[in-house]
Amino acid sequence: MIRQTLAVLLVLPALAVAQDDPAAAALKKQKETAADTMQRVGVDNGTVAETGAIVLYTTHPEAKAKTLAAAAQKAYDTTIKLLKVEDKTTLWPGKLTAFVLPTRTNYNSFVRLILRDRPEAVESHRVRSTTDQPFVMVGVEPGTTATDASVAEEVSRTVADAVLRRKFGTRTTAPELPFWFTEGFGKLAVARADGNAAKLAALRAKQRAAFSRRTVNAFKVGDVWGADSFKDKDVLEISFVEFLLDGEGGTFDKFASAFKPDEDNRRATTADGLAALMWKDDAALDAMWKTWMLKALNK
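Here is what the cut-offs are and how they apply
Residues numbered from 1 in each chain as written. Predicted model: local features only at pLDDT ≥ 70, side-chain atom pairs only at ≥ 80, totals over all residues. Heavy atoms only, no water. Helix = DSSP H or I, 4+ residues; strand = E, 2+ residues; numbered from the N terminus. Buried < 20%, exposed > 50% of the residue type's maximum accessible area, 1.4 Å probe, protein only. Phe/Tyr/Trp six-rings, centres within 6.5 Å; stacked < 30°, edge-to-face > 60°. Axes fitted to C-alpha atoms, helices over the stretch in contact; angles between N-to-C directions. Left-handed = near helix turned anticlockwise from the far one by under 90°. Contact = heavy atoms within 4.5 Å. Nonpolar A, V, L, I, M, F, W, Y, C, P; charged D, E, K, R; others polar. Salt bridge = Lys/Arg side-chain N within 4 Å of Asp/Glu carboxyl O. Polar contact = N/O pair within 3.5 Å; in protein donor to acceptor, adjacent residues only side chain to side chain. Pairing = 2+ DSSP bridges.

Caption draft 1: Highlighting unusual backbone geometry. Here Lys-84, not a glycine, exhibits a phi torsion of approximately 55 degrees, which is positive. When you line up the elements, Lys-84 lands in the loop between helix 3 (62-82) and strand 4 (96-100). Assessed through its relative accessible area of 63%, Lys-84 is described here as exposed.

In structure tokens:
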């Protein structure tokens, strides 16, 4: 049996309400599915922690489960604000399920049995924003040692990713958003989340170093989505996402909307997103982005 960490889970009054309340009924069904999923992947004695928007299932003990759920909730709240989601009920009928499976055996079983896919050698999370029971699933990348902070951050990033994909996708189809875009957005949401002042300060320090007058010409805007990997590439990704969100023109929604599934299921590219914004001159975009960042960092 899954241990319940909050008294509000699966009590008789909630069952009575669920019969008359569609949202409560959807949440009840979601919890039943999630509990069954945990058993299918080999977890018979896990922990559940619930917040206003998240139901988290894990093999971690109760205290850690609550901490992870709280971090996920903060990321969710920040993402809702960043994306300007006015009616949260339009996202999904219940809550977002988060599975945290640090044991690789359980993680691989989830990918194979639940997702009917083959796990990649280096992956550590999956996001399913479609259906009426969306979820995120987080594990540990093979060969790495996860810390409490790194697990909380990855859960939070995937929650932001799920909300982002649901807003710009549909119930049945998720948009094929660029990796740099989802990663940059997720890390920005985590840094801006309530209680993460130190993380946000560290990000700002890295941005000031990257966009200083001595170093700002060492990279171009195309490096944000370029294939080459280099030091602090994630700082550039976050910075360009911030530019889309807060820069002149409020272009974030237009960019993300370019990746909505079309009738032919054609996969859009970063170039398509930029074209939707009428940005065709890389040099002009590079100058605009850097100028805006310098001003934003010096406010």
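Here the narrative resumes, following the displayed structure.
Caption draft 2: Inspection of the packing of aromatic side chains at higher detail. Taken as a whole and judged by the stated rule, the model has 21 aromatic pairs. For the ring pair Phe-99 and Phe-110, a centre distance of 5.1 Å and an interplane angle of 55 degrees mean the geometry is tilted. Here Phe-110 lies in helix 4 (residues 104-114) and Phe-99 lies in strand 4, a separation of 11 residues in the sequence. Classification of Phe-99 by relative accessible area gives buried; the value is 3%. Ring geometry for Trp-225 and Phe-240: centres 5.3 Å apart, planes at 75 degrees, overall edge-to-face.

Caption draft 3: Region of the structure containing the packing of helix 3 against helix 5 (residues 148-168). Following both chains from N to C, one finds helix 3 and helix 5 inclined at 35 degrees, their axes separated by 8 Å at the closest point. As for how helix 3 packs across helix 5, the hand of that crossing is right-handed. When helix 3 is examined against helix 5, the residues Lys-64, Leu-68, Ala-71, Ala-72, Ala-75, Tyr-76, Thr-79 and Ile-80 are found in contact with a partner set consisting of Asp-148, Val-151, Ala-152, Val-155, Ser-156, Val-159, Ala-160 and Val-163. Of the residues belonging to the contact of helix 3 with helix 5, the class tally is 12 nonpolar, two polar and two charged.

Caption draft 4: Layout of the pattern of salt bridges. One pass over the structure, following the stated rule, counts 20 salt bridges. Between Arg-192 and Glu-242 there is a salt bridge, with its nearest N and O atoms 2.8 Å apart. Of the two residues, Arg-192 sits in helix 6 (residues 179-192) while Glu-242 sits in helix 8 (residues 233-246), which places them 50 residues apart along the sequence. A relative accessible area of 27% means that Arg-192 is categorised as partly exposed. The salt bridge partner of Asp-246 is Arg-192, with a shortest N-O separation of 2.7 Å. Placement of Asp-246 in helix 8 and of Arg-192 in helix 6 is noted, with a sequence separation of 54 residues between them. A network of salt bridges, in which partner residues are shared, links Arg-192, Arg-204, Glu-242 and Asp-246.

Caption draft 5: Molecular detail of the side chain of Thr-97. Of note, Thr-97 is situated in strand 4. When its relative accessible area of 4% is taken as the criterion, Thr-97 is described as buried. A distance of 2.5 Å separates the side chain of Thr-97 from the side chain of Gln-30, its partner in a polar contact. Residues contacting Thr-97, with those up to four places away along its chain left out, are Gln-30, Ala-34, Val-55, Tyr-57, Pro-134, Phe-135 and Val-136.

Caption draft 6: Fine view of the pairing of strand 6 (residues 135-138). Burial along strand 6 is two-sided: the face carrying Phe-135 and Met-137 and the face carrying Val-136 and Val-138 are both buried. Counted between consecutive antiparallel strands, the loop separating strand 5 (residues 125-128) from strand 6 contains six residues, among which Thr-131 sits at a positive phi close to 70 degrees.

Everything listed here is a matter of coordinates, which is why it stays silent on function.
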